[in-house]
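For reference, the chains in residue letters:
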Amino acid sequence: MDNNIQENVVETQENIPVGLEVKKPSKKKFIIISAVAVIAILAVVLILLLGNSGKGKIEINGKKCTYSAEAGIEGVEKACDGVVVCDSGNCTYYPTSGEAEEVSMMDIFDGKYPVVFFPPFINFDEDLAGFNYNIYGEFKTQYGATHESSSSDLSEKDFLEVDDMFYMIYTDEGTLDWDDIKKDYDKIASSGSFKDIDYFESALLVAADVVKINAYEDNAQAVIDTYNTASSSGKENMMLWLARGKAIQMLLDGDIEYVAIESVYCQSGRDNSLNIYMYTSKEDAQKVMENMGIK
């Protein structure tokens, strides 16, 4: 936890032939048109907040899956003939057919079970739950990260690099734009305050304990110094925190249905692993468990 649309095209008809009578729109029609205009404006605002549109897609062991609020990763258990669920130190393999059985952590780390699921963490006052998957098998993300990608490969793509990890944040309305997050970081750094960050309260929900006190006191420079002291990727690490806060704010506002944070860990001498941390509503998190056959 501590560790970041299509365009609306309006066509207008010009050059109306002479002699045609154009009626004035009624007030009712004007209200309808105005409502449509407002919706269009809101859609444009959402475009500015998010990058490419569409559901996040991922391929696991050659099977294509998508993200959703009610299923997490749709079809993930079919892609791997089952899934391991780890809860309170105990890990159980739930095959797509057959009886569940306990498994060892050693087998998990050796990649015997490609998908490991960690149940929802719902210790939030707000309607928010978090859960995550570790992918140890073959994978390919929507932006081209794979189990074989090198650090240089991922650096050339639109991933945020934080201490050998490469991040991308999806929602059901598109991806977060790291350039926008960088602008927010620069605003904080120049002003020394979080007051102009409208999603700051949501960022506090997932703030690292080591920065919470200074963040609450609006001591932005102290927060920046803490990140820089803790990591050579201090700026990027803080951007990741801000991005999570921004996405969570949209989720709590009802603008999106889920948040999926992909992080690829590049390892020398072995295949990369992938962690996918998701946020949904508490109700949807329970549906994720039920859809996987886990009560």
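Small disclaimer: the values here were computed from a predicted structure and weren't measured. (Residues numbered from 1 in each chain as written. Predicted model: local features only at pLDDT ≥ 70, side-chain atom pairs only at ≥ 80, totals over all residues. Heavy atoms only, no water.)

What about the nonpolar core?
Stated formally: In plain words, nonpolar cores are sets of buried Ala, Val, Leu, Ile, Met, Phe, Trp, Tyr and Cys residues tied together by side-chain atoms within 4.5 Å. A 1.4 Å probe rolled over the protein chains alone gives each residue an accessible area, and that area as a share of the maximum for its type sets the label: buried under 20%, exposed over 50%, partly exposed in between. In this description a helix means any DSSP run of H or I spanning at least four residues, a strand means any run of E spanning at least two, and both kinds are numbered starting from the N terminus.
Residues Tyr133, Trp241 and Ile276 are the most contacted members of the largest nonpolar core, which totals 79 residues. For this core, the element with the highest residue contribution is helix H9 (residues 234–252), accounting for ten residues.

Examining the pairing of strand E1 (residues 57–60)
Successive side chains on a regular strand alternate, one facing one side of the sheet and the next facing the other. Heads up, the rule is: A pair of strands counts as paired when DSSP detects no fewer than two bridges linking them.
What you see with E1 is a clean split: Ile58 and Ile60 sit on the buried side and Lys57 and Glu59 on the side with no burial. Following E1, the chain reverses through two residues before pairing antiparallel with strand E2 (residues 63–68); Asn61 in that reversal takes a positive phi of roughly 50°. In terms of strand pairing, E1 meets strand E9 (residues 139–141) through three bridges, oriented antiparallel. What sits directly across from Ile60, in E9, is Phe139.

A short note on the side chain of Asp172
Inclusion rule: Residues adjacent in sequence count toward polar contacts only when both atoms are side-chain atoms; beyond that, a polar contact is any pair of N or O atoms within 3.5 Å, and within protein one must be able to donate a hydrogen and the other to accept it.
Within the secondary structure, Asp172 sits in the loop between strand E11 (165–171) and strand E12 (174–175). For Asp172, the side chain forms a polar contact with the main-chain nitrogen of Glu257, separated by 2.6 Å. Polar contacts involving the side chain of Asp172 include one to the main-chain amide nitrogen of Tyr258, which spans 3.3 Å.

Description of the packing of aromatic side chains
Threshold: Working definition: a ring pair exists when centres of Phe, Tyr or Trp rings (six-membered ring for Trp) sit within 6.5 Å. Plane angles under 30 degrees give stacked, over 60 give edge-to-face, the rest tilted.
If you walk through the whole model with that rule in mind, you get twelve aromatic pairs. Ring centres of Tyr67 and Tyr170 lie 5.9 Å apart, and the angle between their planes is 45°; this geometry places the pair in the tilted category. Taken together, the residues Tyr67 in strand E2 and Tyr170 in strand E11 connect sequence positions 103 residues apart. The same class applies to Tyr67 and to Tyr170, which are both buried. A ring pair is formed by Tyr93 and Tyr113, whose centres lie 5.0 Å apart and whose planes are at 45°; its orientation type is tilted. Pair noted here: Tyr93 is in strand E5 (residues 90–95) and Tyr113 is in the loop between helix H3 (105–109) and strand E7 (115–121), with a separation of 20 residues, a long-range link. Under the relative-accessibility criterion, Tyr113 is labelled buried at 7%. Aromatic ring contacts, followed pair by pair, group Tyr67, Tyr143, Tyr170 and Tyr258 into a single cluster.

Let's talk about the environment of Ser104
As for its position among the elements, Ser104 is in the loop between strand E6 (101–102) and H3. Ser104 sits 13 residues away from Cys91 along the chain, and the two C-alpha atoms are 6.9 Å apart. One polar contact links the side chain of Ser104 to the main-chain amide nitrogen of Asp107, over a distance of 3.2 Å.

Thoughts on unusual backbone geometry
Positive phi, normally seen in glycine, also occurs at Asp81, with a value near 55°. As for its position among the elements, Asp81 is in the loop between helix H2 (76–79) and strand E4 (82–87). In this model, Asp164 sits at a positive phi of 70°, which is unusual for a non-glycine residue. Among the structural elements, Asp164 can be located in the loop between strand E10 (160–162) and E11. Exposure remark for Asp164: the relative accessible area of 48% places this residue in the partly exposed category.

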